[in-house]
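# Structural overview for review
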Amino acid sequence: MKNIVVLVSGGGTNLQVLIDAVESGEIKNGVIKCVISSKPDAYALERAKKHGIKTRVLVRKEYPDSVEYSRDILKAIQEEQADLVVYAGFMTILDELVCKAMPNKMINIHPALIPSFCGKGYYGLHVHEEALKRGVKVTGATVHFVTEVCDGGPIIIQKAVEVKNGDTPEILQRRVMEQAEWKILPQAVALFCDDKIVVHGDTTEILN
Ligand code: GAR
């Protein structure tokens, strides 16, 4: 059984699908040990508490820099004996000391088809605003391993979503969540917990 630590900053709909997938047995070889939030008022914390999951809050603004913050995040992750760390709407870029300590053990959900609309500054609603501005007809979501390159680690699963006439960033964000994020994030976590993801350098192979 793998210990999963989930990092959050906001509403926590992706955390919710992970909780549901553990409870339904879609993720059968993993348990959510702890939810860590960078914001004290994140609704994700309420979702965790409702399901009896331990929560911790490490407020980014209370730290002078990213290195000191990252050290405390890593300490918390290690104290929880995490086998897997999931960034589920975690809006803080951590120092490379964290991913170096957890190589190929941290995954992130990004609301676009990487390598489009990703990297520093592309998070949350901004991603969908930029996709609409550029006029793409297809967008989607990506689950990938976290490395020192922002949104640059090996891709695990991607799912495409259609952009429709009249879409606003909010409408598109909701469609990407419903049709892509909430499906591929639990799938990727289940694959990881079943030891079915093999990393070959910059790419991954999913075992049947
Ligand atoms: C999700 O759309 C997630 O993909 C995105 O933030 C939202 C969080 O929603 N993450 C990023 O943009 C990370 N770069 P949630 O709190 O309801 O899961």
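Here goes a summary of the coordinates provided. Values in this document were obtained by computation on a predicted structure and should not be read as measured data.

Of all residues except glycine, most have a negative phi; of all peptide bonds, most are trans. A cis geometry characterises the amide bond from Ile 114 onward to Pro 115, with omega recorded as 15°. Mapped onto the elements of the fold, Pro 115 is located in the loop between strand S5 (106-110) and helix H5 (125-134). Unlike most non-glycine residues, Gln 81 shows phi in positive territory, near 55°. In this fold, Gln 81 is placed in the loop between helix H3 (66-79) and strand S4 (84-87). For Gln 81, a relative accessible area of 55% puts it in the exposed group.

Bringing the site of the ligand into the picture now. Neighbouring the ligand are 15 residues; Gly 12, Thr 13, Asn 14, Gly 124 and Glu 181 lie closest to it. Between the ligand and the protein, one listed contact pairs an oxygen atom with a backbone N or O atom of Gly 12 at 2.8 Å. At 2.9 Å from an oxygen atom of the ligand is found a side-chain nitrogen or oxygen belonging to Asn 14. Within the complex, the protein chains bury 92% of what would otherwise be the 450 Å² of accessible surface of the ligand. Contributing elements (two or more residues each) for the shell around the ligand: helix H1 (13-24), S5 and helix H6 (169-193). Residue composition of the shell around the ligand, grouped by class: 6 nonpolar, 8 polar and 1 charged.

What follows deals with H3. Compared with an ideal rise of 1.5 Å per residue, which puts 14 residues at 20 Å, H3 spans 20 Å between its outermost C-alpha atoms and is within 8% of the ideal. Where H3 is buried, its residues contact strand S2 (30-37), strand S3 (54-57), S4 and helix H4 (96-101). Once H3 ends, the next one or two residues include Gln 81, with phi positive near 55°.

Turning to the pairing of S2, a few remarks are in order. Of all 8 residues in S2, 6 are buried, a share of seventy percent or more. The pairing of strand S1 (residues 2-8) with S2 spans 7 bridges and is parallel. Each residue of the ladder has a partner; that of Ile 4, found in S2, is Ile 32. Taken together, S1, H1 and S2 form a β-α-β motif whose crossover is right-handed. In the sheet, S2 pairs with S3 via 4 bridges, with the strands oriented parallel. Bridge assignment links Ser 37 to a residue of S3, and that residue is Val 57. Each parallel crossover has a hand, and the one from S2 via helix H2 (residues 43-50) to S3 is right-handed.

What follows is about the packing of aromatic side chains. Per the stated rule, a full pass over the model turns up 4 aromatic pairs. Between Tyr 63 and Tyr 69, the ring centres sit 5.0 Å apart and the planes meet at 75°, which makes this aromatic pair edge-to-face.

Attention now moves to the nonpolar core. Counting residues in each nonpolar core, the largest one holds 37 residues, and the members touching the most others are Val 6, Val 86, Ile 107 and Val 189. The element best represented in this core is H6, accounting for 11 residues. Core analysis: the second largest hydrophobic core is formed by 21 residues, Cys 34, Tyr 69, Ala 76 and Val 146 among them.

Here we take up H1. For H1, with 12 residues, the first-to-last C-alpha span of 16 Å sits near the 16 Å given by 1.5 Å per residue. Among the residues of H1, those classed as buried are Asn 14, Leu 15, Gln 16, Val 17, Leu 18, Ile 19 and Ala 21. As for H1, its buried residues are in contact with S1, S2, H2, S4, S5 and H6. Of the residues one or two after H1, Gly 25 is the one with positive phi, at around 90°.

So, on to the packing of H1 against H6. Remark: H1 packs on H6, axes separated minimally by 9 Å, with the N-to-C direction vectors making an angle of 50°. What the angle tells us is that H1 and H6 run oblique. Judged by the sense of rotation from one axis to the other, the crossing of H1 with H6 is right-handed. Where H1 abuts H6, its residues Thr 13, Asn 14, Val 17, Leu 18 and Ala 21 lie against Met 177, Glu 181, Trp 182, Leu 185, Pro 186 and Val 189.

About the criteria used
- Residues numbered from 1 in each chain as written.
- Predicted model: local features only at pLDDT ≥ 70, side-chain atom pairs only at ≥ 80, totals over all residues.
- Heavy atoms only, no water.
- Helix = DSSP H or I, 4+ residues; strand = E, 2+ residues; numbered from the N terminus.
- Buried < 20%, exposed > 50% of the residue type's maximum accessible area, 1.4 Å probe, protein only.
- Near = heavy atom within 4 Å.
- Polar contact = N/O pair within 3.5 Å; in protein donor to acceptor, adjacent residues only side chain to side chain.
- Areas by Shrake-Rupley, 256 points an atom, 1.4 Å probe, with all protein chains shown as cover.
- Nonpolar A, V, L, I, M, F, W, Y, C, P; charged D, E, K, R; others polar.
- Expected span 1.5 Å × (residues − 1).
- Contact = heavy atoms within 4.5 Å.
- Pairing = 2+ DSSP bridges.
- Right-handed = clockwise from strand over helix to strand, strands pointing away.
- Phe/Tyr/Trp six-rings, centres within 6.5 Å; stacked < 30°, edge-to-face > 60°.
- Core = buried A, V, L, I, M, F, W, Y, C linked by side-chain atoms within 4.5 Å.
- Axes fitted to C-alpha atoms, helices over the stretch in contact; angles between N-to-C directions.
- Parallel < 35°, antiparallel > 145°, perpendicular 65-115°, else oblique.
- Left-handed = near helix turned anticlockwise from the far one by under 90°.

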